Amino acid sequence: MSVQYFRHTLLVVFIVGSSSICSSQWIDDPTIHSHIQKGIDYVYNLSFDSARAEFHQVLQLRPDHPAGTFFLAMVEWWKIIADIDNTSNDERFLSLLEKVIDICDKRLEENEDDLTALFFKGGAVGFRGRLHGNRQDWLNAANDGRIALPIVQQASKLDAKNYDILLGTGIYNYYAEAVPEKYPLVKPLMVFFPKGDRQKGIAQLRLASEKASYANIEATYFLIQLLYNFEKKYTEALPLALKLHQKYPNNFIFHKYVGRCHVALGNWNEMKPIFQNILQRVQEKQFGYGDLIERETQYYLGLYDMNFKNYDSALQHLYRCDELSRTLDKDDPTGFMTMANMKIGMIYDLQIKRDLAILQYKKVMKMDDYQDTHAQAEQYLKTPYSKF
């Protein structure tokens, strides 16, 4: 892992924790509430035009409320997430966030304990920081995290029992403890932030997932990520991923987590149709189904075919994974490139193509070590890989 990754991970702990709870707000008009709920569902299903139409209705009905502008910014945020290397939406996203902050500041001048203003200002600053982090602007990202955190803390003190607030506090509590455990490099920086509580964070996220009014989907999404990436509790992550994918079938992020969980659990027959469907959507150029998700899909389909001794088909998938990696990995080879080349070498050994296998293992030795690939390559350079 690079130093930049560590920094970005740390920033996400605090900036995400400060930003996500802003989805919670109190509007007593059922018409506006309905527009917001519909718009949120459209956003998560990546139906951006429909989402934008709903949030414009909110803005027209309540121009003095930050909700309409904030959720319009969230449309831009998911467009950014769906194509992370494309910066064309950044300026509009940042402009909308500044409008949210202005609206909130006016409300806070009249009442410093205005919960709605605190939520949305914290969210706007937090999301601004997240974008700075994604663009590797670490100084501005860290500064936004510094600004946003006390806003969240103030809101939490004012209404600690609100389920939507539990999303932000749950994210913070979990990652503030879990990240330093997994990445010791960040431990010295933790002295500047409040102590986390891993188990409390999980409990808070579960409550938010089950009972929050507006933040339940985001809470479920974060639960999937922490259960999959940190806790390695794939049997718990899978039903949550299935739930989100079934509700938002066009969201490629939820879709791929279903496949990832099946892979982690060894559910080969279940994972294959998932990734075949993803590959079909890539070929159909469905929004969000681009090179990044295709690379992952090609790798896992290659593993499937390798597992079932369909070696020629496996090689085609792994070749494509390697080809995509050489375009996507602009700085250093990622785990996908390293593992794809390792698996190609192993298949060559199984096909009794020893010279080609040796070339592959030598390639792996020149790449970054990923999950002990260097040790494996050294071993297979001495003794050909065998399944038995």
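Numbers given to residues run from 1 along each chain, matching the order in which its sequence is written. In keeping with the model being predicted, local features are shown solely for residues with a pLDDT of at least 70 and side-chain atom pairs are shown and tallied solely at 80 or more, while totals for entire chains, interfaces and linings include all residues. Excluding hydrogens and water, the side-chain figures rest on all heavy atoms present in the structure.

**As for the overall build of the chain**
What counts, and what does not: To qualify as a helix, a DSSP run of H or I must reach at least 4 residues; to qualify as a strand, a run of E must reach at least 2; elements of each kind are numbered from the N terminus. We take the radius of gyration over the C-alpha atoms and set the globule estimate at 2.2 Å times the residue count to the 0.38 power. Burial classes: relative accessible area under 20% of the type maximum marks a residue as buried, over 50% as exposed, and values in between as partly exposed (1.4 Å probe, protein chains only). Whether two residues are in contact is decided by their heavy atoms: any pair within 4.5 Å suffices. The accessible surface values rely on the Shrake-Rupley method and a 1.4 Å probe; as for residues, cover is taken only from the protein chains in view. In this tally, Lys and Arg are treated as positive and Asp and Glu as negative; His is ignored, and so are the chain termini. To locate a charge, take NZ of a lysine, CZ of an arginine, CG of an aspartate or CD of a glutamate.
A count of helices and strands for the chain gives 18 helices and zero strands. A compact globule built from 388 residues would reach a C-alpha radius of gyration of about 21 Å, and the chain, at 23 Å, matches this within 12%. Once the C-alpha set of the chain is aligned to its principal axes, its extents read approximately 75 × 45 × 35 Å. When each of the 388 residues of the chain is scored for burial, the buried share is 55%. Taking contacts inside the chain between residues at least 6 apart in sequence as the whole, the part at least 24 apart equals 64%. Accessible area of the chain: about 18,000 Å², with a carbon and sulfur share of 50%. Of the charged side chains in the chain, 45 are positive and 48 negative, and the gap between their average positions amounts to 5 Å.

**What about helix H10 (residues 216-229)?**
Structurally, the α-helix is built with 3.6 residues per turn, so residues lying three or four positions apart point the same way. Quick reminder of the rule: An expected span of 1.5 Å times one less than the residue number is assigned to each helix.
End to end, H10 covers 20 Å across 14 residues, agreeing with the expected 20 Å (1.5 Å per residue, within 8%). Of all 14 residues in H10, 12 are buried; the element is thus mostly enclosed. Taken as a whole, H10 has its buried residues at Ile217, Glu218, Ala219, Thr220, Tyr221, Phe222, Leu223, Ile224, Gln225, Leu226, Leu227 and Tyr228.

**Some details on unusual backbone geometry**
The phi dihedral of Lys232 falls on the positive side, at around 60 degrees, and the residue is not glycine. Its location among the elements puts Lys232 in the loop between H10 and helix H11 (234-247). Note on Lys232: relative accessible area 45%, which makes it partly exposed. Phi angles above zero are rare outside glycine, and Gln371 is one such case at about 50 degrees. Examined against the element boundaries, Gln371 turns out to sit in the loop between helix H17 (354-366) and helix H18 (373-382). Judged by its relative accessible area of 54%, Gln371 is exposed.

**With respect to helix H14 (residues 291-307)**
With 17 residues, H14 extends 24 Å from end C-alpha to end C-alpha; this agrees with the ideal 24 Å at 1.5 Å per step. Here H14 lies mainly inside the structure; 14 of its 17 residues are buried.

**Structural notes on the pattern of salt bridges**
The line we're drawing: Should a side-chain nitrogen of Lys or Arg be within 4 Å of a carboxyl oxygen of Asp or Glu, the pair is scored as a salt bridge.
Here the structure, examined in full by the defined rule, presents 18 salt bridges. With a closest N to O distance of 2.7 Å, Asp329 and Arg295 form a salt bridge. Taken together, the residues Asp329 in the loop between helix H15 (311-328) and helix H16 (335-350) and Arg295 in helix H14 connect sequence positions 34 residues apart. Residues Asp329 and Arg295 agree in their burial class; the two are buried. We note a salt bridge from Asp349 to Arg354, for which the minimum N-O separation is 3.0 Å. For Arg354, a relative accessible area of 23% gives the class partly exposed. One continuous salt-bridge network, built from bridges that share partners, spans Asp49, Arg52, Glu76, Lys79 and Arg92.

**Section: the packing of H11 against helix H12 (residues 252-265)**
Here is the rule: With axes taken as lines fitted to C-alpha atoms, and helix axes fitted only over the stretch in contact, angles between N-to-C directions fall between 0 and 180 degrees. Working rule for angles: under 35 degrees goes down as roughly parallel, over 145 as roughly antiparallel, 65 to 115 as roughly perpendicular, anything else as oblique. Each crossing is labelled by how the near helix is turned from the far one, with a counterclockwise turn of less than a right angle marking it left-handed and a clockwise turn marking it right-handed. Under the grouping applied here, Gly and all other residues not named as nonpolar or charged are polar, the nonpolar ones being Ala, Val, Leu, Ile, Met, Phe, Trp, Tyr, Cys and Pro and the charged ones Asp, Glu, Lys and Arg.
The N-to-C vectors of H11 and H12 enclose an angle of 155 degrees; their axes lie 8 Å apart at closest approach. Here H12 runs roughly antiparallel to H11, going by the angle between their axes. Note that H11 runs across H12; the crossing there is left-handed. When H11 is examined against H12, the residues Tyr234, Thr235, Ala237, Leu238, Ala241, Leu242, Leu244 and His245 are found in contact with a partner set consisting of Phe254, His255, Tyr257, Val258, Cys261, His262, Ala264 and Leu265. Its residues assigned to classes, the contact of H11 with H12 comprises 12 nonpolar, four polar and no charged.

**Considerations on the nonpolar core**
Our working definition: Here, the term nonpolar core denotes a set of buried Ala, Val, Leu, Ile, Met, Phe, Trp, Tyr and Cys residues that are joined through side-chain atoms within 4.5 Å.
Phe71, Met74 and Phe93 are the most contacted members of the largest nonpolar core, which has 111 residues in total. In terms of residue count, helix H4 (residues 67-82) provides more of this core than any other element does, 11 residues in total.

**Points about the packing of aromatic side chains**
The relative placement of two aromatic rings is captured by the distance of their centres and the angle of their planes. This is how the line gets drawn: Centre distance within 6.5 Å is the pairing criterion for rings of Phe, Tyr and Trp, where only the six-membered ring of Trp is used; planes under 30 degrees apart are then read as stacked, over 60 as edge-to-face, and the remainder as tilted. In this analysis the charged atom, NZ for Lys or CZ for Arg, is taken to sit over a ring once it is within 6 Å of the ring centre and within 35 degrees of the ring normal.
Inspection of every chain in the model, using the stated rule, returns 26 aromatic pairs. Ring geometry for Tyr44 against Tyr248: centres 5.6 Å apart, planes inclined by 45 degrees, an arrangement best described as tilted. In this pair, Tyr44 is assigned in helix H2 (residues 30-44) and Tyr248 in the loop between H11 and H12, connecting sequence segments 204 residues apart. Take Tyr44 and Tyr248: they sit in the same class, and that class is buried. Measuring from ring centre to ring centre gives 5.4 Å for Phe48 and Phe287, while their planes differ by 90 degrees; the resulting arrangement is edge-to-face. Of this pair, Phe48 sits in helix H3 (residues 48-61) while Phe287 sits in the loop between helix H13 (268-283) and H14; the two residues are 239 residues apart in sequence, bridging distant segments of the chain. An aromatic cluster of at least three residues, connected via ring pairs, comprises Phe55, Phe70, Phe71, Trp77, Phe93, Phe120 and Phe127. Directly above the aromatic system of Tyr257 lies the positively charged group of Arg260, at a separation of 4.8 Å from the ring centroid.

**Here's the deal with the confidence of the model for the chain**
What counts here: On a scale of 0 to 100, pLDDT captures the predictor's confidence in every residue.
The pLDDT averaged across the chain works out to 88; a share of 92% of its residues lies at or above 70. Below a pLDDT of 50 lies the segment residues 1-25, which in the model reaches 84 contacts outside its immediate sequence neighbourhood of four places, other chains included.

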